[in-house]
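Okay, here's what each chain looks like letter by letter:
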Amino acid sequence: MRKIDPEKYTERRKTIIDAATACFAQKGFHGTSTAEICAAAGMSPGNLFHYFPNKQAIIIAIVDQEGVALAACFEEIDQQSDLYAALVAFMDMVLDLAADPAFASLMLEIAAEATREGEIRSRVERNDKILREALQVLLREAAKRGQIDQALDVPGATVWIAALIDGIFSRIAVDPDFRPLQNKQMMHTLLDRFLRHGLNTGAI
């Protein structure tokens, strides 16, 4: 039996995930065939199925990858001295991603698929939990440092920030004239008035 090279195995999985991500963003999960993923990844179906048993497994891997990236992002944010500024920068990054048609399309595809498929839904819910828990930690610490309103209802604020993130992508889906980056300053104003009510500092 041939010994598996872990590094090569991981690299090949990433190649498939990247190829599938591009295909899904362009044609959707159900509009993309396995053959198209194979062509984009430059491998045969037999080779692809060695890494992923089916298309659903690839979708799950993409969602898992998003969760890992999200957790890593907040690990970096938690090291910042100005947590409010770090949160604004994170939300700016969300707008940057939303402005990427391929990424926005992929996120909407994942959200739609989560309503139909239980395993994907559980992964999406886990990622949402990672986001909300990380936001709560950030907001509580920012309040302790006096960087946001110390009387803020942190659990409630967390829900609404998460809803704002979801809403950015939903707005793209229903409003072809919505331009995320053109609305960046308004988002800053919303965050400032929502999170820093009563502070004597201005908006970022």
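Before reading on, note that the structure itself is shown above.
Residues numbered from 1 in each chain as written. Predicted model: local features only at pLDDT ≥ 70, side-chain atom pairs only at ≥ 80, totals over all residues. Heavy atoms only, no water.

A. Here's a closer look at the nonpolar core. One finds Phe 90 and Leu 195 to be the most contacted residues of the largest nonpolar core, which totals 61 residues. In contact with Leu 195, other than residues within four places in its own chain, are Tyr 84, Leu 87, Leu 139, Ile 148, Asp 149, Leu 152, Ala 157 and Ile 161. (Core = buried A, V, L, I, M, F, W, Y, C linked by side-chain atoms within 4.5 Å. Buried < 20%, exposed > 50% of the residue type's maximum accessible area, 1.4 Å probe, protein only. Contact = heavy atoms within 4.5 Å.)

B. Broad picture of the side chain of Glu 117. Mapped onto the elements, Glu 117 comes out in the loop between helix 6 (101-114) and helix 7 (118-144). Buried Glu 117, no salt bridge; nearest opposite-charge side chain is Arg 121, N-O distance 7.1 Å. One polar contact links the side chain of Glu 117 to the main-chain amide nitrogen of Ile 120, over a distance of 2.8 Å. (Helix = DSSP H or I, 4+ residues; strand = E, 2+ residues; numbered from the N terminus. Lys, Arg positive; Asp, Glu negative; His and termini not counted. Salt bridge = Lys/Arg side-chain N within 4 Å of Asp/Glu carboxyl O. Polar contact = N/O pair within 3.5 Å; in protein donor to acceptor, adjacent residues only side chain to side chain.)

C. Spotlight on the packing of aromatic side chains. Scanning the entire structure with this criterion turns up four aromatic pairs. Ring centres of Tyr 9 and Tyr 51 lie 5.0 Å apart, and the angle between their planes is 35°; this geometry places the pair in the tilted category. Highlighted residues: Tyr 9 in helix 1 (residues 6-27) and Tyr 51 in helix 3 (residues 45-51), separated in sequence by 42 residues. With a centroid separation of 4.6 Å and 85° between ring planes, the pair formed by Phe 24 and Phe 29 is classed as edge-to-face. The residues Phe 24 and Phe 29 share a single accessibility class, namely buried. The ring of Tyr 84 is capped by Arg 196, whose NZ or CZ atom sits 4.2 Å from the centre of that ring. (Phe/Tyr/Trp six-rings, centres within 6.5 Å; stacked < 30°, edge-to-face > 60°. Lys NZ or Arg CZ within 6 Å of the ring centre and 35° of its normal.)

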